[in-house]
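These are the residues of each chain, in order.
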Amino acid sequence: MAGKKKDELLHSAVKDHAIDKNTDINAILKSMEESGGFESRNLAEGVDILKRMMDEPKCTKFLSFVAALMSTGARGIVRDMLKNKMFDAVITTCGALDHDIARYYDKYYAGDFRMDDRELLDKAVHRLGNVLVPMAAYGPLIEEKVQALLADMYKEGRKDIATYEITDKIGSTLGESSFLYWAHKNKIPVIVPGIVDGAVGSQVWLFHQQHRDFKLDILKDQNLLSNLVFDAKKSGAFMIGGGISKHHTLWWNQYRGGLDYAVYITTAPEWDGSLSGALVAEAISWGKVTTKARQTTIHGEASTLLPFIYAALLKR
């Protein structure tokens, strides 16, 4: 902003919203662009960037998200984005696999952030924020399903496997309510760099105890990412939440000079220096996002924002 003249700075007046019962979501987003509203402008810009990214035929598109989101109804949005082939690759965490399996075979329930966790333990119920996860629908169920599919892979002679091969196998055993099913059906690789940090990963380790020639080769995942990144004419990412899924997406794209499109949703603050709090703009200094990229960071809670973002993309 330094050195700009006053008329260059004051070129876009703040306008009030004017919404009636006939106003559609994209008109509201357009109004948000002009509202001067603090995060509302970032949300409107994020939808515009995602639309441009999806309209770019030569762009390799990455979707990253954190596991906890799959315990909520937002799982259905991720599922439908993969069903509609909006992305070419997924990077996530092990819990996303856990929740997808558990919710395909059983149910989670609405709870409250202020429930008595000691009482829940006595009733064999886990609490994930305000979502209730019956223990029987989680650990024991995941153990049964994952051990069976790992045994199938072993019998097929597949003993040196990448995480994208495990996730593809899981998807092949599930149905249409599962995001892994649609990734499998549409040949979209799902990569889990921290796979041992969750129930599915623990089952891989447990299977290995009885089958010492069964190996998890995470470098095969890196070879796949290398091919995706170096073959990309352009690349873009929609990153929902931080941590390893966000970082792995950014990390690999630095090798092609950075992302050309980047939209990031986070609730984390920037001032603690965390990766989750870091704005997408910070990644420019690392070469993980190009200097000319269309990019924005939206501060907000993803399960609240995703339905509106997805609806707006469908409308456009």
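Here the structure is a predicted model, which means the values were calculated and not measured.

Undergrad: Could you give an account of the sheet that holds strand S4 (residues 125–128), naming the residues involved and the relevant values?
TA: The strand order across the open sheet formed by three strands is S3-S5-S4, and the pairing between neighbours is antiparallel. Looking along the sheet, the strands with just one partner apiece sit at the ends: strand S3 (109–110) and S4. For S4 and strand S5 (residues 131–134), the ladder comprises four bridges, and the chain directions are antiparallel. Counterpart to Arg 127 in the pairing with S5 is Leu 132.

Undergrad: Can you explain the sheet that holds strand S9 (residues 234–240)? Please cite residues and give values.
TA: Across the sheet, which stays open at both edges, the six strands sit in the order S7-S2-S1-S9-S10-S11 with parallel pairing between neighbours. At either margin of the open sheet sits one strand with a lone partner, and together these are strand S7 (190–191) and strand S11 (289–299). Here strand S10 (residues 259–266) pairs with S11 via seven bridges, running parallel. For Thr 266, the partnering residue across the bridge sits in S11 and is His 299.

Undergrad: Give a detailed account of unusual backbone geometry, specifying residues and quantitative values.
TA: A positive phi angle, close to 55°, is found at Lys 85, a residue other than glycine. One non-glycine residue, Ala 124, adopts positive backbone phi at about 60°. With respect to the helices and strands, Ala 124 occurs in the loop between helix H6 (117–122) and S4.

Undergrad: So, the nonpolar core: which residues are in play, and what are the values?
TA: Leu 63, Phe 65, Leu 82, Phe 179, Val 200, Phe 238 and Ile 309 are the most contacted members of the largest nonpolar core, which has 68 residues in total. Sequence-distant contacts of Ile 309, that is, excluding residues within four places in its chain, are made with Leu 43, Val 47, Leu 50, Phe 238 and Ile 265.

Undergrad: Quick rundown of the environment of Leu 314? Include the residues and the values.
TA: Tracing the backbone shows Leu 314 in helix H13 (residues 302–315). Residue classification places Leu 314 among the exposed positions, given a relative accessible area of 51%. Along the chain, Leu 314 and Asp 272 lie 42 residues apart, while their C-alpha atoms are 36 Å from each other.

Undergrad: How would you sum up the packing of helix H5 (residues 94–105) against helix H7 (residues 139–155)? Please name residues and give values.
TA: Two elements in contact, H5 and H7, have axes separated by 10 Å at closest approach and are oriented at 100°. Judged by the inter-axis angle, H5 sits roughly perpendicular to H7. Between H5 and H7, the residues in contact are Asp 98, Ile 101, Ala 102 and Tyr 105 and Leu 141, Ile 142, Lys 145 and Val 146, respectively.

Undergrad: Please provide a residue-by-residue account of the side chain of Ser 35, values included.
TA: Note on placement: Ser 35 falls in the loop between helix H2 (25–33) and helix H3 (40–55). A distance of 3.1 Å separates the side chain of Ser 35 from the side chain of Ser 40, its partner in a polar contact. Residues contacting Ser 35, with those up to four places away along its chain left out, are Val 14, Lys 15, His 17 and Ser 40.

Undergrad: Describe H2, and please don't skip the residues or the numbers.
TA: Turning to H2, its buried residues number three or more, namely Asn 26, Leu 29, Ser 31 and Met 32. Close packing links the buried residues of H2 with H3 and H13. The N-terminus of H2 is capped by Asp 24, whose side-chain oxygen sits 3.2 Å from the backbone nitrogen of Asn 26.

Undergrad: Can you lay out the side chain of His 208 for me, pointing to particular residues and giving the numbers?
TA: Along the chain, His 208 turns up in helix H10 (residues 199–210). Among the residues examined, His 208 registers a relative accessible area of 18% and is labelled buried. The contact partners of His 208, leaving out residues within four places of it in the chain, are Phe 214 and Lys 215.

Undergrad: Explain the packing of aromatic side chains residue by residue, including any values.
TA: Within a pair of aromatic rings, the relevant descriptors are the distance that separates the centres and the angle that separates the planes. Counted according to the given criterion, the structure contains eight aromatic pairs. Where Tyr 154 meets Phe 207, the ring centres are 5.9 Å apart and the plane angle is 70°; that geometry is what we call edge-to-face. Here Phe 207 lies in helix H10 and Tyr 154 lies in helix H7, a separation of 53 residues in the sequence. For the pair Trp 251 and Tyr 255, a centre-to-centre distance of 6.2 Å together with 90° between the ring planes defines the contact as edge-to-face. The exposure class assigned to Trp 251 is partly exposed, which follows from its relative accessible area of 34%. Here the aromatic residues Tyr 154, Phe 207 and Phe 214 are joined through ring pairs into a cluster of three or more. When the ring centre of Trp 286 is taken as origin, the NZ or CZ atom of Lys 288, which lies over that ring, is 4.9 Å away.

Parameters at a glance
- Residues numbered from 1 in each chain as written.
- Predicted model: local features only at pLDDT ≥ 70, side-chain atom pairs only at ≥ 80, totals over all residues.
- Heavy atoms only, no water.
- Pairing = 2+ DSSP bridges.
- Helix = DSSP H or I, 4+ residues; strand = E, 2+ residues; numbered from the N terminus.
- Core = buried A, V, L, I, M, F, W, Y, C linked by side-chain atoms within 4.5 Å.
- Buried < 20%, exposed > 50% of the residue type's maximum accessible area, 1.4 Å probe, protein only.
- Contact = heavy atoms within 4.5 Å.
- Axes fitted to C-alpha atoms, helices over the stretch in contact; angles between N-to-C directions.
- Parallel < 35°, antiparallel > 145°, perpendicular 65-115°, else oblique.
- Polar contact = N/O pair within 3.5 Å; in protein donor to acceptor, adjacent residues only side chain to side chain.
- Phe/Tyr/Trp six-rings, centres within 6.5 Å; stacked < 30°, edge-to-face > 60°.
- Lys NZ or Arg CZ within 6 Å of the ring centre and 35° of its normal.

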